Amino acid sequence: MAGKVAPLLTDGERIAGVSAAGPYVNFSLNRSCFIEHVLSEIAARGEKYGSGDQGAGKTLVIDFASPNLARPVHIAHLRSIAIGQAIYRIHDFVGWKCVGINHWGDYGTNFGQLLAAYLMWADPEKVKANPVAELLALYIRFNEEKEQNPDLQDEARKCLSRLANGDAEMVSLWRFFIDEGRREAERIYDILDVHFDEFLGESFFADKLEDVVELYQKAGLAEESDGALIVRLDGDGEDIPAPCMLRTSNGTSTYHSRDIAALLHRHEKYAFDRVVYVTDMRQILHFRQIFKALKLLGVDWIGGASHAPFGMMSFQGEAIATRSGNIVLLEDVLEKAIELTADIIDEKNPDLKGKAEVARQVGISAVIFADVSSRRARDIVFDLNEMLRFDGETGPYIQYTHARFCSILRKHDQPADPMADLSMLGQLAEMRVARQLEEFPRQLESACDESEPSYIASSLIDLATAANKFYNELPVLVGDDENLTAARIRLVDGIRTVMRTGLLLLGMNAPEEM
RNA sequence: GAGCUAUUAGCUCAGCUGGAUAGAGCGCUAGCCUCCGGAGCUAGAGGUCACAGGUUCGAAUCCUGUAUAGCUCGCCA
């Protein structure tokens, strides 16, 4: 069949050849034509290449990072921060109005434990001098001693109840804890260059409980069960056996009711078209319940809600758990990465100006890339050496490639010529680069639709690989054919543009020298 | 007991809306600066795509079951 069909298809300007190969009909693209097409597109769109008007007039609300302020930011938290930030930037790039929300945990059990531990054991002066480390030590000690002495949990409950009743000492301590936790978290976000548009703690929604209860009671969806108020979710085809609990038998709000209140609040405030939650996989059921509960309520916008879950990070075969002290602080990892990068710069590029800043940009980006480069769903085993690898498919590899082509453009010392004769390009290595450049917008769109930044990471790796092969095979500036140089400069400019865009979308830096 | 997610080279991963001989990186082996940045490039070795069925002209990819791992299943968040 293929043998009969192929001869009937004529060659044209864009198709250089048609041939039969077994059951397939192969089309060969006219390379020059293809390359010219891609580079014209990049020249026309400039730094916006890859973005269409997909998001025009639409609003995204994205909930990410959302730490518990009773505990320090550790390496496993990087996942939500890095993935969330990338999803935010990707939407922003293709025209969405984005609202990044840090919905931090400033309420509940952990704070009760911390309050109780503080009352029992803390040296206020020491805590004041070094709050993060001292509070962490208290938290760990509480959980250790709780093993021997279960009554401690009652102490925690008492503290929480005193807090809820407005006890001045508790309120003042609690404020101190969240202020410190907040200051610490924001310091890390600054280091990572991550920004939020709204910070709202769970405590803000704790007193919105009755509004939610009323909605469900009016709709006839709420029912009493063992003293608690629940909404059954097992009514229709997509059964969720576990009900959604609105109110505990003690009359307090729950994670469910607070999140429902928060989502209603957000829709009222932002009228979003899409809302994405970036959390680990343990919360898959939770969000299914929330979304279903709102669907039962008849809200028509719930179809725009999605959960972008990611796999768990473990540490030498053990769960990373703050209460047992089995954690690695995120900041420590970032500092190590920066130090290591500085050493490498001293070795490879000692005369680089602004070394310290570049070391920060490369070191931090390496850690971010290690986190966003594989698909969200994968579980990750934390391995510092793996995270700080600088060759092969890594963040520094992409940045290095970008810097290398920036270097060519610097040496060329004049802007890419829009009139360059692109028909001179047609070598295989050039074609491979062009194909990656052409592929980028599609990967970007998938990354946006599926909340999967790793597509962009893969795309950049493929582009960098093709670009480095091109670099090694074909000279750009060396040689006496000015027209060829002008044409290849256009290709180099395209590489630079797309690599920079991709790096920034992933929340990384794109230094021009390193 | 039920459910979710995963399982691809020694290690880390890509490929998953079905198509040609399953691809990278790391590590290992052997190479590449008379030429734009060697954090690079080239070549080689390395695979029963967890297992068993099924659908199909064709399955790593879709369906069913099994195994293994992680997670979850109303008063933690």
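These numbers come from a predicted model, not from an experiment.

This part takes up the protein's contact with RNA strand B. As a structural note, the neighbourhood of RNA strand B is formed by 53 residues, with Met245, Arg378, Glu393, Arg404 and Lys411 the closest of them. A share of 66% is what sugar and phosphate atoms reach among the atoms of RNA strand B within 4 Å of the protein. Take Tyr24: an N or O atom from its side chain is 2.5 Å from a sugar or linking oxygen of RNA strand B. Note that a base nitrogen of RNA strand B is positioned 2.8 Å from one of the backbone N or O atoms of Met514. Of all the secondary-structure elements, those providing two or more residues to the surface near RNA strand B are strand 2 (24-29), strand 7 (228-231), helix 11 (255-270), helix 12 (284-296), helix 13 (330-348), helix 16 (395-412) and helix 18 (454-473). Counting residues per element, the surface near RNA strand B draws most heavily on helix 16, which supplies 8 residues. Here the residues of the surface near RNA strand B sort into 27 nonpolar, 9 polar and 17 charged.

Further remarks concern the sheet that holds strand 12 (residues 318-319). Whether parallel or antiparallel, the strands of a sheet pair through hydrogen bonds between backbone atoms. In spatial order, the strands read 12-11-13; together these 3 strands make up an open sheet with mixed pairing. Sheet topology places strand 12 and strand 13 (380-382) at the edges, where each strand pairs with a single neighbour. In this sheet, strand 13 lies alongside strand 11 (residues 313-315) in parallel orientation, the contact comprising 3 bridges. From the neighbouring strand, Met313 faces strand 13, where its bridge partner is Ile380.

Our next topic: the pairing of strand 6 (residues 222-225). Looking along a regular strand, one sees side chains alternate from face to face of the sheet. One ladder, built from 4 bridges, connects strand 6 with strand 7; its direction is antiparallel. Each residue of the ladder has a partner; that of Glu223, found in strand 7, is Ile230. Where strand 6 folds back onto strand 7 in an antiparallel hairpin, the turn is made up of 2 residues, including Asp226, whose phi is positive at roughly 50 degrees.

The next subject is the packing of aromatic side chains. With the rule as written, the count across this model stands at 14 aromatic pairs. Following the ring pairs from residue to residue traces out a cluster consisting of Phe64, Trp104, Tyr189, Phe196 and Phe199. Positioned over the ring face of Phe93 is Lys48, at 4.8 Å from the centre of the ring.

Right, let's get into the packing of helix 11 against helix 12. At their nearest, the axes of helix 11 and helix 12 sit 10 Å apart, and the two run at 55 degrees to each other. As the angle between them shows, helix 11 and helix 12 are arranged oblique. Here helix 11 and helix 12 pass one another in a crossing that is right-handed. For the pair formed by helix 11 and helix 12, the contact residues are Tyr255, His256, Asp259, Ile260, Leu263 and Leu264 on the first element and His286, Phe287, Gln289, Ile290, Phe291, Ala293 and Leu294 on the second. A class-by-class count of the residues in the contact of helix 11 with helix 12 yields 9 nonpolar, 3 polar and 1 charged.

Below, the discussion takes up the domain arrangement of chain A. It is common to give the size of an interface as the accessible area lost on bringing the parts into contact. Examined at the domain level, chain A breaks down into domain 1 (2-46), domain 2 (109-193) and domain 3 (330-505). The gap between the C-alpha centroids of domain 1 and domain 2 is 66 Å.

Cut-offs applied
Residues numbered from 1 in each chain as written. Chains lettered and ligands numbered in written order. Predicted model: local features only at pLDDT ≥ 70, side-chain atom pairs only at ≥ 80, totals over all residues. Heavy atoms only, no water. Near = heavy atom within 4 Å. Polar contact = N/O pair within 3.5 Å; in protein donor to acceptor, adjacent residues only side chain to side chain. Helix = DSSP H or I, 4+ residues; strand = E, 2+ residues; numbered from the N terminus. Nonpolar A, V, L, I, M, F, W, Y, C, P; charged D, E, K, R; others polar. Pairing = 2+ DSSP bridges. Phe/Tyr/Trp six-rings, centres within 6.5 Å; stacked < 30°, edge-to-face > 60°. Lys NZ or Arg CZ within 6 Å of the ring centre and 35° of its normal. Axes fitted to C-alpha atoms, helices over the stretch in contact; angles between N-to-C directions. Parallel < 35°, antiparallel > 145°, perpendicular 65-115°, else oblique. Left-handed = near helix turned anticlockwise from the far one by under 90°. Contact = heavy atoms within 4.5 Å. Domains from an automatic or database assignment.

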